[in-house]
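Descriptive analysis of the structure
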Amino acid sequence: RLGGPAAMRAAARVLLGPAPLARGAVPPAAPPASADDVILRGISYGPVPTKKVGEAPVDDDFMVSAYEPLWGDSGRGDLAVMRAIGANTVRLYGNDPRFDHSGFLDAAQKHGVRAIPGMSNYPYTDSPKACRKTGWNCYEQLKAQYAANLKKGFAKDGSYHPALSHIIIVNEPDYKAPGLSQPQLFCKAIVSAFDGMLDAEKEAGITDATVKFTATFSFGVCSRCSRFNTLPALGQMYALRAAMLDPSTVGYTAKNDLATAYRQRFVQSFNTPSPAFVIRDQFLTHYKKEFQEPFFIGEYHAPMTAQAEDLAAIMQLAAGSSDVFLGISYFEFQQAYWKGGSELAFGMLGLGDMAITKFSAFGRDYSAWCLNGSIPDPHAHKPGATIVQALVDAYGGKGLDWNKLCLHDPAKVPVTESGYKEIESQRSTSQMRTFVARVVSHMGGAVSRSDGLQAFAARYSGEGQPAAGDFAQLAGDLGRHPDWARWDTVSAACVADRSADKATLGQALSFACGHLSTFNCKDLPEQCDSSAWTQADYIFSTYFTEVAGGSGELQNCSFGGAALYAARELYKPWNDLCVVNQDPLTTALTQEGYTAILGTDHVKVAALIRRLVLDQLHERVADEDALQQLASNSSAQLPVSFAALQKLLQGVPWTCAGATQRVCPAGGGPLGAAAMIAIFCAAGLAVAALLCAICVRHRRRRAQIVRGAPLVPGNGVA
């Protein structure tokens, strides 16, 4: 489900009606919220990527990797936008347990955004075994659904993902399970579902109880409820609490102690289109007298009021009642074009005309349209006021330059001629500066002097003067390694770009694996198989050395934006074991790493063998001449197989220490005789220089004494 039903909102408007903000002396402003504020500042997220009315998504689980071009940093970056608005929470709807959700949760955690996913309608109403067919006993259906969620990213090693804060058991059960007129049945559905989810936790070995649960009601009036049957949402909450404390009252026998679980891990929640003063007068005042458990508003947006004033008022209510009022989730992130009509009033961001990227999800092709932040607030008192800026002000966010959201981002365009043209057309040195810095990082460099980067970017930006050339010219100039950047000409390697989305990464891996002739991607070294990133590092770097011959960084190490030719200082924190390059001191100690060095020269081969003796055999080279003879293959003994090399080194007579039990000769070890002579010579020169300095100091001191000059500390004589 993507947002509350139009019928609910229409009913709420009839019930409560619009009213002037002045009513009830609603405070005009709320204090800005800090980044670590405990108040829930959420955004409800269901970004259907279409502008066509009636084109519902095939699958509305926007946490899956197929939709990463919308929320991921390499795509539109919706999570980053939410954080800039000031949100600390994202509330979600669709939930398909067949797919992994860890990527979305990892990205949310990276941006400091907590997640509130909800269980979908499927097990309640749409499944062939939906609990509407089992008398609204939802134990088995929700246990199975939630168990799959726990295996697909919600939990790991007995703990919940740290980005998760709450789980919505069901959204608006008073409308769908089975309706407001039958509170006993919708309460039975919730308590049985909760029971099943708790058992799914136990079977998954979850030992922490950090994640809370809720059932998000509508703001409708439950006239059949035993109490609060003339007030919105309160009747449903009272009925649910009674059912949790004694499930037998709704005809259900619980397997867990639901009363204790309710007190310790349950919060109440509801959706509403009503303004702050209505929440205060018709809900909060009564709630605080009856309930101790906290609550939050899962969808908040009063479209008939000025957003700036109303949002300030609701946030102040939350701040003033933080013992029970956790906060709100603003409805909603993006306009629901697919619904059309009055539903368009609820989105704070529209879709522009520029496609940031194109992608496929569940058999359909989509565009990740840029976001339009100019959606006006029709009831604002200030001309030009927008809905999104009202939320930025209420949430205390840093905001964004909304006019730039539909300009190509230099941090995301491809590092190609087409990407260069997109940025050059903006005639902005600052934009070109970002693009050039990316090109440098894709060529094994790192910017070290900002003034040099600024001057270079100005030449190619087209701002105030024609651009100095095309992308080929720009790359050629950088290929001459200007001194305002550090260039890694030794250990740079083709590795996975950590800003790439999983779909692009998967396509690139398929391409690379299909073009490798001597390496089978199924035979990844064990130490490189820990994540998709380390897998990609090994495969891309192997491809670059084997197929591309270690040349053509921009052409042969791009893979559609999934990779970059990075300096070691960039990739070392990510992965220092699974990168193949032509540096014998850093390449992976594998067949592919060895093959890359065999294609260089005997000096590098010798360095790799010495490293292998030290790092894997834990021995030392006692005879440097014998090592050099093997490395140069003068006696045709050097094997092509890395495994054969390892076996050969276990039996050579010119190593010492370790398993050989041979005593290393004095001055031996990894240094040969020539190296030892050089060290002794250097040491002798150092001693001579020290004696000379002492002699000079004594002569100067004697001269000073003879002349009768005072001895001043620090003047070179004392």
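Residues numbered from 1 in each chain as written. Predicted model: local features only at pLDDT ≥ 70, side-chain atom pairs only at ≥ 80, totals over all residues. Heavy atoms only, no water.

An unreviewed UniProt entry lists the protein chain under the name X8 domain-containing protein, with Alexandrium monilatum given as the organism.

The next subject is the state of the cysteines. Cysteine pairs can be covalently joined through their sulfur atoms, and such a bond is termed a disulfide. On inspection of all chains with the given rule, the structure shows 7 disulfides. For Cys222, the disulfide goes to Cys225, at an S-S distance of 2.1 Å. Torsion about the S-S bond of the Cys222 and Cys225 cystine: about 85°, corresponding to right-handed handedness. Using a relative accessible area of 0% as the deciding quantity, one classes Cys222 as buried. Relative accessible area serves as the criterion here: at 3%, Cys225 is assigned to the buried category. For the unlinked cysteine Cys187, the closest cysteine sulfur is that of Cys225, found at 6.8 Å. Judged by its relative accessible area of 1%, Cys187 falls in the buried class. (Disulfide = S-S within 2.5 Å. Buried < 20%, exposed > 50% of the residue type's maximum accessible area, 1.4 Å probe, protein only.)

Now for the packing of helix α9 (residues 234–245) against helix α10 (residues 258–265). Interaxial distance between α9 and α10 falls to 7 Å at its minimum, and their mutual angle equals 130°. With respect to α10, the element α9 is oriented oblique. Residues Arg241, Met244 and Leu245 of α9 pack against Leu258, Ala259, Tyr262 and Arg263 of α10. A breakdown of the residues in the contact of α9 with α10 according to their chemical character gives 5 nonpolar, no polar and 2 charged. (Axes fitted to C-alpha atoms, helices over the stretch in contact; angles between N-to-C directions. Helix = DSSP H or I, 4+ residues; strand = E, 2+ residues; numbered from the N terminus. Parallel < 35°, antiparallel > 145°, perpendicular 65-115°, else oblique. Contact = heavy atoms within 4.5 Å. Nonpolar A, V, L, I, M, F, W, Y, C, P; charged D, E, K, R; others polar.)

Before going further, it helps to examine the environment of Gly464. Looking at where Gly464 falls in the secondary structure, it is placed in the loop between α16 (450–461) and α17 (471–479). According to the relative accessible area criterion, Gly464 is exposed, its value standing at 84%. Residues Gly464 and Arg427 lie 37 residues apart in sequence; the distance between their C-alpha atoms is 7.9 Å.

A separate point is the sheet that holds strand β3 (residues 114–116). A sheet is described by the order of its strands in space; here 8 strands give the open sequence β3-β2-β1-β10-β9-β8-β7-β6, paired in parallel fashion. Of all strands in the sheet, those with a lone pairing partner are β3 and β6 (166–171), marking the two edges. Pairs of neighbouring strands in the sheet enclose a mean axial angle of 25°, with direction left out of account. Two strands pair when backbone bridges link them, and strand β7 (residues 212–217) and strand β8 (residues 268–272) are joined in this way by 2 bridges, in the parallel orientation. (Pairing = 2+ DSSP bridges.)

With that settled, the discussion passes to the packing of aromatic side chains. Pairs of aromatic rings are described using the distance from one ring centre to the other and the angle between the two planes. The tally for this structure, following the rule as stated, stands at 37 aromatic pairs. Pairing Phe283 with Tyr287 gives two aromatic rings, centres 5.2 Å apart and planes at 25°, and the pair type is stacked. Residue Phe283 and its partner Tyr287 are both found in helix α11 (residues 276–290); the two are separated by 4 residues, about one turn of the helix. In this pair, the class of Phe283 matches that of Tyr287, namely buried. Its guanidinium or amino end placed over the ring of Trp369, Lys51 lies 4.2 Å from that ring's centre, counting from NZ or CZ. One Lys or Arg, Lys255, reaches over the ring of Tyr139 and ends 5.1 Å from the middle of that ring. (Phe/Tyr/Trp six-rings, centres within 6.5 Å; stacked < 30°, edge-to-face > 60°. Lys NZ or Arg CZ within 6 Å of the ring centre and 35° of its normal.)

What follows is about the packing of helix α23 (residues 602–615) against helix α25 (residues 642–649). Relative to each other, α23 and α25 sit at 65°, their axes nearing to 11 Å. The hand of the α23/α25 crossing is right-handed. Taking contact as the criterion, the partners of Ile609, Leu612 and Val613 in α23 are, on α25, Phe642, Leu645, Gln646 and Leu649. Along the lines of polarity and charge, the residues of the contact of α23 with α25 split into 6 nonpolar, 1 polar and no charged. (Left-handed = near helix turned anticlockwise from the far one by under 90°.)

For side chains of opposite charge, pairing can occur when their charged atoms come near one another. For the structure shown, the criterion picks out 23 salt bridges. Linking Glu343 and Lys339 is a salt bridge whose minimum nitrogen-to-oxygen distance equals 4.0 Å. In this structure Glu343 comes out as buried when scored by relative accessible area, which is 6%. We classify Lys339 as partly exposed; its relative accessible area is 24%. Here Asp483 ties to Arg449 by a salt bridge, and the two come within 3.3 Å at their closest N and O atoms. On the criterion of sequence distance, the pair formed by Asp483 in the loop between α17 and β14 (485–487) and Arg449 in the loop between β13 (445–447) and α16 is long-range, its members being 34 residues apart. The exposure class assigned to Asp483 is exposed, which follows from its relative accessible area of 60%. Judged by relative accessible area, Arg449 falls into the partly exposed class, the value being 35%. (Salt bridge = Lys/Arg side-chain N within 4 Å of Asp/Glu carboxyl O.)

Okay, helix α6 (residues 139–154) next. Side chains that are three or four residues apart share a direction in an α-helix, a result of its 3.6 residues per turn. In this model, α6 (16 residues) spans only 19 Å end to end at C-alpha, well below the 22 Å of a helix rising 1.5 Å per residue. Taken together, the buried positions of α6 are Tyr139, Gln141, Leu142, Lys143, Gln145, Tyr146, Asn149, Leu150, Gly153 and Phe154. (Expected span 1.5 Å × (residues − 1).)

Another aspect to go through is the pairing of β8. A large share of β8 lies buried, amounting to 5 of its 5 residues. You can see the chain leave β8, run along α11 and come back into strand β9 (residues 295–300), and the turn it takes is right-handed. (Right-handed = clockwise from strand over helix to strand, strands pointing away.)

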